[in-house]
Amino acid sequence: MAERTVGWGPRESNTLIGKEIPRLDGAAKASGAAKYAADTNTKGTLFARMLTCKHGHAKIVKLNVEPAKKVKGVKAVHIFNDVDAEIRWDGTLVVAVAAERPEQAEDGVRAIEVEYEVLPHFVDEDDLAGAEKAERTKKLGNQKKGDVEAALKTAKHVHKGHYGINTITHMCMEPHGSHCEWNGDDSLTVTLSTQNVSGTAGQFAGPLGLDASNVEIKCDYIGGGFGSKFAADEWGLACAQLAKQAGRPVRLMLDRATELKIAGNRPSGFVDITIGADADGKIVAWDSHHWGTDGINGSTISTGVMPYVFDFDNRNRSATGIITNCGPKRAWRAPNHPQACAISQTAIDDLAAKMGKDSYDVFMTNLDKTKKPDVYAEEMKIAAKLIDWKAKWHPHGKGGGKGSIKRGLGMAMHTWGGRAHAASTLLKVHPDGTVETFGGSQDIGTGTRTAISITVAETFGIPMSSVKVNIGTNKYPKSGPSGGSTTVGGVTGPNRRAAQNALWKIFDLVAAKYKVDADSLEAKAGNIVSKGKKVCSWKQAASLVGPMALEVTGEGPKADGLTDSGVAGVQMADVSVDTETGKIRIHKFVAVQDCGLIIDELTARSQVYGALIMGIAFALSEERIMDNTSGRFINADLENYKLPRIGDIGNLVVEFYQPDSEYDRGVVGLGEPPVIAPGAAISNAVANAIGVRVPVLPMTPKRVLDALKGGA
Amino acid sequence: MQDREKPNKGAPTVSRRAFLKGSGVAVAATAMATSGQEADAQKKGSKKRVVAASGGKVTLNVNGKDYTITVEPRVTLLDALRDDLGFTGCKDVDDTTTSGADTVIIDGKAVLAGSRLAVECQGKKIQTVESLANGKQVDEVISGFVKHDAMQCGFCTPGFAMATRAFLNKNPKASLKQIRKGLGGNLCRCGTYDGITKCALELAKKGDS
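Student: What is the right way to look at the overall build of chain B in this model?
Tutor: Within chain B, the regular secondary structure consists of 7 helices and 7 strands. Within chain B, the fraction of its 209 residues that count as buried is 52%. Excluding contacts between residues fewer than 6 apart, the proportion of contacts in chain B whose partners are at least 24 apart in sequence is 59%.

Student: Looking at this structure, how should I read unusual backbone geometry?
Tutor: With the exception of glycine, the majority of residues adopt a negative phi angle, and the majority of peptide bonds are in the trans configuration. Residue and element names in this part refer to chain A. The peptide bond linking G556 to P557 adopts the cis configuration, its omega dihedral lying at -5 degrees. Looking at where P557 falls in the secondary structure, it is placed in the loop between β25 (550-556) and β26 (570-578). That bond from L697 to P698 is cis: its omega, 0 degrees, falls within 30 degrees of zero. Looking at where P698 falls in the secondary structure, it is placed in the loop between β29 (696-697) and α19 (701-711). Positive phi, close to 70 degrees, is recorded for D233, a residue that is not glycine. Take D233: there are 23 C-beta atoms within 10 Å of it, and that puts it in the buried class. Despite not being glycine, A525 has its phi angle at roughly 45 degrees, a positive value.

Student: Whenever I open this one, the interface of chain B and chain A confuses me. Can you help?
Tutor: Accessible area lost upon the coming together of the parts serves often as the stated size of an interface. Counting from both sides, the interface comprises 54 residues of chain B and, opposite them, 56 residues of chain A. The element contributing the most residues to the side of chain B that touches chain A is helix α7 (residues 193-208) of chain B, with 5 residues. When grouped by side-chain class, the residues that make up the side of chain B that touches chain A number 25 nonpolar, 15 polar and 14 charged.

Student: How should the environment of S466(A) be read in this particular structure?
Tutor: With respect to the secondary-structure elements, S466(A) resides in the loop between α13 (448-460) and β21 (467-470). Considered as a pair, S466(A) and T434(A) are 32 residues apart in the sequence and their alpha carbons are 5.0 Å apart.

Student: For this particular structure, what's the right way to read the nonpolar core?
Tutor: Generally speaking, a soluble globular protein has its nonpolar side chains buried in company with each other. Residue and element names in this part refer to chain A. A48, V97, A98, L242 and V686 are the most contacted members of the largest nonpolar core, which has 278 residues in total. In terms of residue count, helix α16 (residues 601-620) provides more of this core than any other element does, 12 residues in total. Apart from residues lying up to four places away in sequence, A48 is in contact with A96, V97, A98, A105, C239, L242, V250, R251 and L252.

Student: In this structure, what is going on with the pairing of strand β28 (residues 651-656) of chain A? I would like to understand it.
Tutor: In regular strands, side chains alternate between the two faces of the sheet. Sheet topology note: the strand β27 (residues 584-593) of chain A/β28(A) ladder contains 6 bridges and is parallel. Residue V592(A) lies in a different strand from β28(A), and its bridge partner there is E655(A).

Student: Help me understand the sheet that holds strand β8 (residues 157-165) of chain A in this model?
Tutor: Through backbone hydrogen bonds, the strands of a sheet pair up, either in parallel or in antiparallel fashion. All names here are of chain A. The 6 strands lie next to each other as β7-β17-β16-β15-β8-β29, forming an open sheet whose pairing is mixed. Of all strands in the sheet, those with a lone pairing partner are β7 (137-145) and β29, marking the two edges. Across the sheet, helix α9 (residues 337-355) lies against β8, β15 (269-277), β16 (283-292) and β29, angled at about 150 degrees from β8, the strand it touches most.

Student: So what exactly am I meant to see when it comes to the packing of helix α4 (residues 140-147) of chain B against helix α5 (residues 157-170) of chain B here?
Tutor: Geometrically, a packed helix pair is captured by the angle between its two axes and the distance between the axes. Residue and element names in this part refer to chain B. At a minimum axis distance of 10 Å, the contact between α4 and α5 shows a crossing angle of 125 degrees. Taken as axis vectors, α4 and α5 run oblique relative to one another. As α4 packs across α5, the resulting crossing turns out to be right-handed. Along the contact surface, α4 presents V141, I142 and F145, while α5 presents T157, A161, T164 and R165. In terms of residue class, the contact of α4 with α5 is made up of 4 nonpolar, 2 polar and 1 charged.

Student: I tried to follow the pairing of strand β23 (residues 527-530) of chain A on my own but got confused; where do I start?
Tutor: Residues and elements named next belong to chain A. In this structure, strand β22 (residues 521-524) lies alongside β23, joined through 4 bridges in antiparallel fashion. Looking at β23, one finds that A523 is bridged to I528. Following β22, the chain reverses through 2 residues before pairing antiparallel with β23; A525 in that reversal takes a positive phi of roughly 45 degrees. With antiparallel pairing between neighbouring strands as the criterion, β23 and strand β24 (residues 533-537) make up a hairpin whose turn holds 2 residues, including K531 at a positive phi of roughly 50 degrees.

Student: Just checking my understanding: could you explain the packing of α16(A) against helix α18 (residues 678-690) of chain A for this structure?
Tutor: Residue and element names in this part refer to chain A. Contact pair α16 / α18: the axes reach a minimum separation of 8 Å and the direction vectors enclose 55 degrees. Classified by the angle their axes make, α16 and α18 are oblique. Crossing handedness for the pair α16 and α18: right-handed. Only P678, G679, I682 and S683 of α18 make contact with α16, whose side of the interface consists of L612, G615, I616, F618, A619 and L620. Looking at the contact of α16 with α18 residue by residue, the class counts come to 7 nonpolar, 3 polar and no charged.

Student: Would you mind going over the environment of I646(A) with me for this structure?
Tutor: All names here are of chain A. Relative to the elements of secondary structure, I646 occurs in the loop between α16 and β28. I646 sits in the buried class, given 24 other C-beta atoms within 10 Å. Each C-alpha atom of the pair I646 and Q540 lies 51 Å from the other, and the pair is 106 residues apart in sequence.

Student: Help me understand helix α6 (residues 201-208) of chain A in this model?
Tutor: In an α-helix there are 3.6 residues to a turn, and that puts residues three or four apart on one side. Residue and element names in this part refer to chain A. For α6, the complete set of buried residues consists of A201, Q203 and F204. Where the residues of α6 are buried, they touch β11 (188-192), β12 (215-218) and α7 (233-246). Once α6 finishes, G209 follows within two positions and takes phi at roughly 70 degrees, a positive value.

Student: Explain the domain arrangement of chain A here, please?
Tutor: All names here are of chain A. Looking at the assigned domains, one finds that chain A contains domain 1 (11-34 + 420-556), domain 2 (37-119 + 176-253) and domain 3 (333-418 + 565-711). When each unit is reduced to the centre of its C-alpha atoms, the spacing between domain 1 and domain 2 is 39 Å. Contacts between domain 1 and domain 2 engage 15 residues on the former and 17 residues on the latter. Among the residues forming the side of domain 1 that touches domain 2, the class breakdown is 3 nonpolar, 9 polar and 3 charged.

Student: Looking at this structure, I do not really get the sheet that holds β23(A). What am I missing?
Tutor: All names here are of chain A. Taken in spatial order, the 3 strands make up an open sheet running β22-β23-β24, and their pairing is antiparallel. This sheet does not close on itself; its edge strands, each paired only once, are β22 and β24. The mean inter-strand angle of the sheet, taken between neighbouring strand axes irrespective of direction, is 35 degrees. Of the strand pairs in this sheet, β23 and β24 are connected by 4 bridges, and their pairing is antiparallel. Bridge assignment links V529 to a residue of β24, and that residue is K534.

Student: Quick question: what am I supposed to make of the environment of G493(A) here?
Tutor: Residue and element names in this part refer to chain A. Tracing the backbone through its elements, the reader meets G493 in helix α14 (residues 487-514). A residue is classified by how many C-beta atoms lie within 10 Å of it, and G493, with 28 of them, is buried. Along the sequence, G493 and E555 sit 62 residues apart, while their C-alpha atoms lie 7.4 Å from each other.

So, how was this worked out
Residues numbered from 1 in each chain as written. Chains lettered and ligands numbered in written order. Predicted model: local features only at pLDDT ≥ 70, side-chain atom pairs only at ≥ 80, totals over all residues. Helix = DSSP H or I, 4+ residues; strand = E, 2+ residues; numbered from the N terminus. Buried ≥ 20, exposed ≤ 12 C-beta atoms within 10 Å, placed from the backbone. Contact = placed C-beta atoms within 7 Å. Nonpolar A, V, L, I, M, F, W, Y, C, P; charged D, E, K, R; others polar. Core = buried A, V, L, I, M, F, W, Y, C linked by C-beta atoms within 7 Å. Pairing = 2+ DSSP bridges. Axes fitted to C-alpha atoms, helices over the stretch in contact; angles between N-to-C directions. Parallel < 35°, antiparallel > 145°, perpendicular 65-115°, else oblique. Left-handed = near helix turned anticlockwise from the far one by under 90°. Domains from an automatic or database assignment.

This is the structure:
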């Protein structure tokens, strides 16, 4: 018998993989049938509300929760922080109250007597001098390569610039939270809004004194995560504790303001850069020092990603973290990368302008300093064609245009890993030919169920309707957390492996029964065929497994070609700026992205569209605003924390770079990469339009007008 | 107002007028919520206590069927639909005026359920997203959303589906420009605007033929 090797089939033979397949749970999501943690309301459920501290820095000097306990409907009270506790950022949880109804829980919160001693705070995240004076800085690494000073002396062109990007939050539409229900004293069911179904039980079990085997984590749907929902969190534990106290199920979701204040953010970064190039536009020296904050820990963007994508021969990079009374960071879609891209590829663009060169040419000239020069070059050519770069580009600020409206083009590029996470699957082929798979994964919007179904159906040559995908509980075989663009590779790898192994077992049964060579068999369009001839139907073949289902397990990732890591990606923006109002409009935004083998082009495309829109958000409008006087996060609501709406995004063009060389790599993660470059691409387009740099993102109308005043 | 500080001893069955009076209590209570927790505010606010009105019967007509529930006058339509009646397609993002995730159609008009009290919706025809799907029979907005993948996490999606339904009912031949404006009341964080636009545009073109 020939050796059987796991792998993807020939590209041209696929009937499902790589096609545009609507997601399986689409109708359930759109029609409201899909139930989230926030929708969970089993019989007797109580509703929790929280008292939070609204000072940036304070000490609790008095806390009396007794009045809350007397409020009508209140059944349980949990204290997060008691008297003498030091509160170190706005929004810190103090007390949770569970009651028969949400409004009664609110009454309970209002009845609590609390007094604070307000302490000095520091929340000014771009004020490096002030932070140093206040002794709130941390030196975070100073890495040197080559001889920057010597290279700058010989450089033909030298540019010095300052750039920055403010803190943003995750702003999940479904806030963090859970529904907790005890089954007796020693067993807990948590319906959790989580990106980490298989990895959270222990975080409940340990602190609650339970066996991990007695904690079930359920999550059929999650209303946004973006890197912020990997943990049980103190409020998850509080929900379980309230439920225990009351002897009733409890649902606890963070309120909107608290969600923004304490449930994660993406650190800010501000940089001073000196960059030098030779007469040909080859960058010969890079010197950068950046600073910013991730809250009380005093960290900022990793130095390891500076300068972004490119690594020059002579390069110094250092960073200083600022310790602030701001909520703590969490992983935010492509941690470190969007900020690093925004504060370093803008400098490259300004250097190009200083040289009097087209920034496209300067990026192209320096591609040898990237890890994927050939892919970037191809993607740049495709993107340039799609946005008509050669015809539309003009030197910065020299585009003319009607009246106050100035138009410009900008580009940027990114990189990401996206290796499949560790996962297992249990696959059952039932004697009637239907197939079931089980995995403790989750769908953060990726289309996890759909990707698994496509993989299994393609392998067996059966319709997707014959495959039942079971995810969403830690009682199934473990699956990795959905973070870092690891999920589609993580779940399709083990399922392909399991399905191929199951199919080979069935081929052996078919070969024995029908007296054919097992090696000649293929599963196609509901039949088992040999050399183009039908041997039996899939159902007949499946029935050979006996009265019980054939069970096969699959694991991953393995070095068998199903998955890989490492992508490039190029984006180009066409924008106009109204120099009277400072308002920026996106006309066209092109993303060219490689990601190996694409399982479902429809949902893959959605990932890129979504990333571009998130990118437009942090490029133009979205930021956390801390008030230096009060130490508060003053725009912690959906009205003043500005996100783009359906009319604000312009014409988005998504193009996958997918030659056979990409297909042959197997699946590579896609979620993070396209969200990285928009900040720099749009900033560069704005600089091209108006001839001055708007140094800090988001480029709000005020910042645009300030830049125009300063640059005039 | 004197009566704001008194307990409202409402009878089990309360008139609409008494209910609205009760909702005044709710407004006062809500206003206190933002500052009442803090020590200095407590000093200024004296010892006066705000007490909630008791619950009364409210009848809501949802998707063509009458439901009678007992809720306090301050309970929003959003909470009544979700927590009392189980219509959880109407999503709670805890921001009642900005996101549109709680969009329902009341007497033909798109309305944010979080911005209405349950009591003021009595006698009106309330349509939730659940009305757009009946088993495998789904409204063309739902099938259009699926076809164009107008969703990712899906949490804002039912609200967008309702906004799209209400918008197309009024503008069956809408242009792209009108769609971009008309659906501007809803927010999506995953960034699904492209699919939503394509769905609305396709249905509007159908309406145009």
